[in-house]
Amino acid sequence: MAVAQPSLNQSTGKEEEPKVVEQPSVKTPWEITVGGPGWLAGVSGYTGFHGVNPYVNVGIGQILKHINVIDTLGGEVRNGRFGVLGDYLYLTAQAGTGESSGLVSKVDVGLQEFIGEFFGSYRLIEGPRGWLDLLGGFRFTYLGQQVGLQANNMAIDAASTQLVDRFAQQLATPNSDLRTLIQQNITDKLGALDGRNPQLPVGPIAADQKGKIRDLVQQLIQSQDPALAAAIRTGAQARVSQLKAQLASQVANTVTNQLNRSFSFYDSWADPVIGLRGRFNLNKAFYLTAESDVGGFGIVSDIAVQAYAALGCQITRNIHAEVGYRYLYDDFRDESANDFLYQLALHGAQITVGLNF
């Protein structure tokens, strides 16, 4: 910065023309913050496919038990009133569940999830007791889910034999209801596909298999209906027994082939987000901080809400720590991808350690 200052000539005693004196300019310092937020989040809410949306309630202890990889990081760069900040959470997990009854003996689930946020910020208020920032940006979510099924061969063989026996008994009865028989002997024993009480927040990707298996079994039995009915009418018991055994075997193979499979689902979405965050200094060491934002607005998600509050401590000039609670709810539906519903809340304590530069 240049400042003009007059000078006095010692020989004449008169002031000379002012000279330009260069003053150092005041520069706004850059502030950099890097932190590792440890979010101990459980998951609750509804998620699913094709209208099958069971309630999910998985605690943090259950999630930690099955995690393979977890990574999280946050950071901010600020100059004056303006800044940019962001953070991300990435995890992969796997779990397996044995079934004690039904036509499925085991269900293996896998989960990959990435949640990343990026905001621009403008400092509305700043003073010795704290500050308040306006936030604007987006939140990106990536979700990958897998389900692997293992058929219960013994239970399938027994159910197929019972189905065919009852069908043969009803052939002589007018208006016999094959669909009801299949529902009772096959479909109702596929409850493991509904994704009830999962060990990880993975939706019932294979739930639509129940309807597919029912239709395949019905088509198969109907194709053998004339031959079996003719054998029953003629009283050829040996032929009836042979046809029933063949049909039961075909039904069992059809069900088994449909169950010994793996299913996967992947989706991603980005929500526009606006919010506020602030800090209030209790004293030189301790402070309160809070953040709240809302997004989606029906553009992508119907609504996405996040809230965070914590007690912080400035341990040294360059090291801080916070203990608080974070809540994130997202209501997202993708009708083009298996009619996918994601109405889940992630909530739990968060412990953060960070560095200031």
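Structure: above.
Residues numbered from 1 in each chain as written. Predicted model: local features only at pLDDT ≥ 70, side-chain atom pairs only at ≥ 80, totals over all residues. Heavy atoms only, no water.

## A look at the packing of helix H2 (residues 153–170) against helix H5 (residues 237–259)
Now for step 1: Two elements in contact, H2 and H5, have axes separated by 8 Å at closest approach and are oriented at 135°. Relative to H5, the element H2 lies oblique. In this structure, the crossing between H2 and H5 has a hand that is right-handed. Contacts between H2 and H5 involve Asn153, Ile156, Asp157, Ser160, Thr161, Leu163, Val164, Asp165 and Ala168 on the former and, on the latter, Lys244, Leu247, Ala248, Val251, Ala252, Val255, Thr256 and Leu259. (Axes fitted to C-alpha atoms, helices over the stretch in contact; angles between N-to-C directions. Helix = DSSP H or I, 4+ residues; strand = E, 2+ residues; numbered from the N terminus. Parallel < 35°, antiparallel > 145°, perpendicular 65-115°, else oblique. Left-handed = near helix turned anticlockwise from the far one by under 90°. Contact = heavy atoms within 4.5 Å.)

## A short note on the pattern of salt bridges
Two side chains with opposite charge may pair up if their charged atoms get near one another.
Now for step 1: Following the criterion strictly, the structure yields 15 salt bridges and no others.
Now for step 2: Its salt-bridge partner being Asp208, residue Lys212 comes within 3.4 Å of it at the nearest N-O pair.
Now for step 3: Among the residues examined, Asp208 registers a relative accessible area of 25% and is labelled partly exposed.
Now for step 4: Asp215 serves as the salt-bridge partner of Arg214, at 3.3 Å between the closest nitrogen and oxygen.
Now for step 5: Salt bridges linked by common partners bring Glu76, Arg78, Arg123, Glu126, Asp133 and Arg277 together as one network. (Salt bridge = Lys/Arg side-chain N within 4 Å of Asp/Glu carboxyl O. Buried < 20%, exposed > 50% of the residue type's maximum accessible area, 1.4 Å probe, protein only.)

## Considerations on the nonpolar core
Looking at soluble globular proteins, one finds that nonpolar side chains tend to be buried together.
Now for step 1: Counting residues in each nonpolar core, the largest one holds 61 residues, and the members touching the most others are Leu149, Ile186, Val255 and Leu259.
Now for step 2: Per-element tally for this core: the top contributor is H5, with eight residues.
Now for step 3: If sequence neighbours within four positions are ignored, Ile186 has contacts with Leu103, Ala159, Leu163, Ile213 and Val255. (Core = buried A, V, L, I, M, F, W, Y, C linked by side-chain atoms within 4.5 Å.)

## Examining the packing of aromatic side chains
Now for step 1: Taken as a whole and assessed by the stated rule, the structure comprises 12 aromatic pairs.
Now for step 2: Plain terms: the ring middles of Trp269 and Phe332 are 4.0 Å apart, the flat faces sit at 10° to each other, and that makes the pair stacked. Of this pair, Trp269 sits in strand S9 (residues 262–281) while Phe332 is found in strand S12 (residues 319–334), placing the two residues 63 residues apart along the sequence.
Now for step 3: For Phe332, a relative accessible area of 5% corresponds to the buried category.
Now for step 4: Among the aromatic residues, those joined into a ring-pair cluster are Phe49, Phe265, Trp269, Phe332, Phe340 and Tyr342.
Now for step 5: Lying over the aromatic face of Trp131, Arg123 brings its terminal NZ or CZ to 4.2 Å of the ring centre.
Now for step 6: The positively charged end of Arg326 is found above the aromatic ring belonging to Tyr308, 4.3 Å away from the centroid. (Phe/Tyr/Trp six-rings, centres within 6.5 Å; stacked < 30°, edge-to-face > 60°. Lys NZ or Arg CZ within 6 Å of the ring centre and 35° of its normal.)

## Brief notes about unusual backbone geometry
Now for step 1: The phi torsion at His50 lies on the positive side, around 55°, for a residue other than glycine.
Now for step 2: Within the secondary structure layout, His50 lies in the loop between strand S3 (30–48) and strand S4 (55–58).
Now for step 3: The class of His50 is partly exposed, set by a relative accessible area of 40%.
Now for step 4: Phi angles above zero are rare outside glycine, and Asn197 is one such case at about 50°.
Now for step 5: Topologically, Asn197 is positioned in the loop between helix H3 (178–185) and helix H4 (209–234).

Purely spatial values, then, with no claim about function.
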